[in-house]
Amino acid sequence: MKLMEGKKGIIFGVSNARGIAYSIAKQIYEAGGDIAFTYANEAMESRVRPLAEEMNAKMIVECDVTNEEQVKKVFEQYEKTYGKLDFVIHAVAFANKEDLMGDFIDTSKAGWDTALGVSAYSLVTLARNAKPLFNEGGAILALTYLGSEYVVANYNVMGVAKAALESSARYLADSLGKIGVRVNCLSAGAVKTLAAKGISGFDRMLKAAILKAPLKRNVSLEDVGKTGLYLVSDLSSGVTGEIVHVDCGCHSVYASYEEMEATYAYQKEHQN
């Protein structure tokens, strides 16, 4: 019997085959899970539908996670199609491009509201509407990043949004623990995705991660997908309220010997 055989759930945020959300969905599907898919708007449908169909999804629907009425209708349709719920995956994040550049102090109120509304409050909305459908032992998984804990160049307001997401996950873990539902976050390291390519200086971030990481390599999409599978499966039945890092150990190291040597060499080369 496969690990996720008989398990059913829904994923919000898959946008392409070179992303973290897709890699997690693929691992769940290959482990026997049944997954419903949503897409953010009509423009995204043509990207998401083929990916969902290759995983035999019975439900592929539009959902703006900032619209609670739409979220409510999605879960009503889910119940009609699948019945009960074993997992929900939140892989939704957005910030205006101008709020990811320049100085954080210049973040606009509108940009703040957009980033935190889409990227953090939406987790609360999904959890509230999913709650009545959950089987005991169910799981909610949200995707985060180290920029929630440390300053990361060109991440700005998204770092604040991810910090809010992580804190929300802990409070939701307390709220839903009463019905046996777990809530965790997966913090992936620098990994080659289409979304990451939009971050200025990302190639340098990948190189720096190799120097810092105890495993001396970048994390892969497969690494992240397998950890996502673990966190929504019964293998993590006693894990909730956690931020699980999948970054080859980068989060645990301030500065590696190799990184310090590289910095010293750079400074020596450019001291004049």
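Here, every reference points to the structure presented above.
Residues numbered from 1 in each chain as written. Predicted model: local features only at pLDDT ≥ 70, side-chain atom pairs only at ≥ 80, totals over all residues. Heavy atoms only, no water.

Peer 1: I'd like a rundown of the environment of Lys80, residues and numbers included.
Peer 2: As for its position among the elements, Lys80 is in helix α3 (residues 68–82). Here the alpha-carbon distance between Lys80 and Val224, two residues 144 residues apart in the chain, equals 31 Å. (Helix = DSSP H or I, 4+ residues; strand = E, 2+ residues; numbered from the N terminus.)

Peer 1: Tell me about the sheet that holds strand β4 (residues 85–90), residues and numbers included.
Peer 2: Ordered in space as β3-β2-β1-β4-β5-β6-β7, the seven strands form an open sheet in which the pairing is parallel. Of all the strands in the sheet, just β3 (60–62) and β7 (243–246) have a single pairing partner and so form its edges. When strand polarity is set aside, the average angle formed by the axes of neighbouring strands in this sheet is 20 degrees. Pairing geometry for strand β1 (residues 8–12) and β4, over four bridges, is parallel. For Gly9, the partnering residue across the bridge sits in β4 and is Phe87. Where helix α4 (residues 109–130) meets the sheet, it contacts β1, β4 and β5 (134–144), and its direction lies at approximately 170 degrees from that of β4. Sitting on the sheet, helix α7 (residues 221–232) touches β4, β5, β6 (182–188) and β7, and the angle it makes with β6 is about 170 degrees. (Pairing = 2+ DSSP bridges. Axes fitted to C-alpha atoms, helices over the stretch in contact; angles between N-to-C directions. Contact = heavy atoms within 4.5 Å.)

Peer 1: Any details on the environment of Leu141? Residues and values, ideally.
Peer 2: On the secondary structure map, Leu141 appears in strand β5. In this structure, the C-alpha to C-alpha distance between Leu141 and Leu123, residues 18 residues apart in sequence, is 9.4 Å. Filtering out sequence-adjacent residues up to four positions away, Leu141 remains in contact with Ile24, Val88, Ile89, His90, Asn184, Cys185, Leu186, Gly228, Leu231 and Val232.

Peer 1: Got a sec to walk through the side chain of Gln27? Specific residues and values, please.
Peer 2: Looking at where Gln27 falls in the secondary structure, it is placed in helix α1 (residues 20–30). Setting aside anything within four residues of it in sequence, one finds Gln27 in contact with Glu222, Gly225, Lys226 and Leu229.

Peer 1: So what's going on with the state of the cysteines? Which residues, and what values?
Peer 2: In the structure shown here, the tally under the stated rule is zero disulfides. Free of any disulfide, Cys248 has its nearest cysteine sulfur in Cys250, 6.9 Å distant. Assessed through its relative accessible area of 9%, Cys248 is described here as buried. The class for Cys250 is buried, based on a relative accessible area of 12%. (Disulfide = S-S within 2.5 Å. Buried < 20%, exposed > 50% of the residue type's maximum accessible area, 1.4 Å probe, protein only.)

Peer 1: Break down the packing of aromatic side chains for me, citing the residues and quoting the values.
Peer 2: Considering all chains together, one arrives at three aromatic pairs under this definition. Their ring planes at 70 degrees and their centres at 5.1 Å tell us that Tyr145 and Tyr155 sit as a pair that is edge-to-face. Taken as a pair, Tyr145 in the loop between β5 and α5 (157–177) and Tyr155 in the loop between β5 and α5 lie far apart in primary sequence, ten residues in all. (Phe/Tyr/Trp six-rings, centres within 6.5 Å; stacked < 30°, edge-to-face > 60°.)

Peer 1: Describe unusual backbone geometry, listing the residues and the values that go with them.
Peer 2: Of note in the backbone geometry, Asn56 takes a positive phi value of approximately 55 degrees without being a glycine. Looking at where Asn56 falls in the secondary structure, it is placed in the loop between α2 (42–54) and β3.

Peer 1: Before we move on, can you summarise the pairing of β4 with the specific residues and values?
Peer 2: For a regular strand, the rule is simple: side chains alternate between the two faces of the sheet. The element β4 is largely enclosed, with a buried count of six among its six residues. The pairing of β4 with β5 spans five bridges and is classified as parallel. Bridge assignment links Phe87 to a residue of β5, and that residue is Ala139. Read as a crossover between parallel neighbours, the route from β4 over α4 to β5 is right-handed. (Right-handed = clockwise from strand over helix to strand, strands pointing away.)

Peer 1: Requested: an account of the pattern of salt bridges, with residues and values cited.
Peer 2: Taken as a whole, this structure holds seven salt bridges when the rule is applied. In this structure, Lys7 and Asp234 form a salt bridge, with 3.4 Å as the shortest nitrogen-oxygen distance. Taken together, the residues Lys7 in the segment before β1 and Asp234 in the loop between α7 and β7 connect sequence positions 227 residues apart. Residue classification places Asp234 among the partly exposed residues on the basis of a relative accessible area of 42%. (Salt bridge = Lys/Arg side-chain N within 4 Å of Asp/Glu carboxyl O.)

Peer 1: A description of the nonpolar core should follow, citing residues and the corresponding values.
Peer 2: Ile11, Ile24, Ile28, Ile35, Phe37, Leu186 and Val232 are the most contacted members of the largest nonpolar core, which totals 40 residues. The element best represented in this core is α1, accounting for six residues. When residues no more than four places from it in sequence are discounted, the contact partners of Leu186 are Ile24, Leu141, Ala142, Leu143, Thr144, Val224, Thr227, Gly228, Leu231, Val244 and Val246. Listed in part, the 34 residues of the second largest apolar core include Tyr78, Leu123, Phe134 and Ile243. (Core = buried A, V, L, I, M, F, W, Y, C linked by side-chain atoms within 4.5 Å.)

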